[in-house]
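# Understanding the architecture of this molecule
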Amino acid sequence: AQSVTQPDIHITVSEGASLELRCNYSYGATPYLFWYVQSPGQGLQLLLKYFSGDTLVQGIKGFEAEFKRSQSSFNLRKPSVHWSDAAEYFCAVGARRSGTYKYIFGTGTRLKVLA
Amino acid sequence: DTEVTQTPKHLVMGMTNKKSLKCEQHMGHRAMYWYKQKAKKPPELMFVYSYEKLSINESVPSRFSPECPNSSLLNLHLHALQPEDSALYLCASSQDGQAGQFYEQYFGPGTRLTVT
């Protein structure tokens, strides 16, 4: 069965430090992969996506992610975290079902940024 | 315009009330989604509409009734809800993937529903 795992429930980093959020997936075919960010009480905003091609993808707000097929991973990175990055981050894989695509979300990683 | 709008932002309703949540997008997307999100959890898919037809119902109780009047609008009608239905209800839209391509979803800000 398809699944997405985010091993870290909470991560705390200092402002200006680098960040890596982990995401592992289980999917038979080439996956469609996404990272979303959600601020408290808000909807989800797409940070970046991977469909094919270059395995290092750039997103908004200075985020990037690298697709590693051999490790079934799609980790999110940022070289220098800002206090405004504090939020919940969700990794998702697109899966086809009943002729329609749906997301399978990971459980999320809550990022706290220390001043 | 990449915006999905949802009304109302907050809703408090009793267990005997009937209310509706509304969602609108003007991106020309032909797939629209309802999600339910409890605190500190990922969104859970409830319904998917593709070309105004219901294509996925994730075994949602009948007290939730979706409606897609046209390609830009999506409603969720609520009746006889339970306190455990209190949650953030998110709407999303995307290009339709019937041709085999998967497209990213654009989410609205959500409606915070409290059932008393």
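A few words on the sheet that holds strand β3 (residues 18-25) of chain B. Residue and element names in this part refer to chain B. An order of β1-β3-β8-β7 is seen for the 4 strands of this open sheet, with the pairing classed as antiparallel. Only two strands of the sheet have a single partner each, and these edge strands are β1 (4-7) and β7 (64-70). This sheet shows a mean twist of 20° between the axes of neighbouring strands, independent of strand direction. Here 4 bridges tie β1 to β3, and the two strands are oriented antiparallel to one another.

On to the pattern of salt bridges. Under the counting rule described, the total for this entry stands at 10 salt bridges over all chains. A salt bridge links Glu104(B) to Lys49(A); its shortest N-O distance comes to 2.9 Å. Residue Glu104(B) is located in the loop between β9 (87-94) and β10 (106-107), and its partner Lys49(A) is located in strand β6 (residues 44-50); the two belong to separate chains. Among the residues examined, Lys49(A) registers a relative accessible area of 33% and is labelled partly exposed. We note a salt bridge from Asp85(A) to Lys78(A), for which the minimum N-O separation is 2.8 Å. Here the two residues Asp85(A) and Lys78(A) agree in accessibility, since each one is buried. If you follow the salt bridges from partner to partner, you end up with Glu64(A), Glu66(A) and Arg77(A) in one network.

Another aspect to go through is the state of the cysteines. All names here are of chain A. Counted under the stated rule, the structure contains 2 disulfides over all chains. The disulfide partner of Cys23 is Cys91, and the S-S distance across this bridge is 1.9 Å. Disulfide Cys23 to Cys91: torsion about the S-S bond roughly -65°, handedness left-handed. With Cys23 in the loop between β3 (19-21) and β4 (24-26) and Cys91 in strand β10 (residues 87-97), the pair connects residues that are 68 residues apart, well separated along the chain.

Calculation criteria
Residues numbered from 1 in each chain as written. Chains lettered and ligands numbered in written order. Predicted model: local features only at pLDDT ≥ 70, side-chain atom pairs only at ≥ 80, totals over all residues. Heavy atoms only, no water. Pairing = 2+ DSSP bridges. Helix = DSSP H or I, 4+ residues; strand = E, 2+ residues; numbered from the N terminus. Axes fitted to C-alpha atoms, helices over the stretch in contact; angles between N-to-C directions. Salt bridge = Lys/Arg side-chain N within 4 Å of Asp/Glu carboxyl O. Buried < 20%, exposed > 50% of the residue type's maximum accessible area, 1.4 Å probe, protein only. Disulfide = S-S within 2.5 Å.

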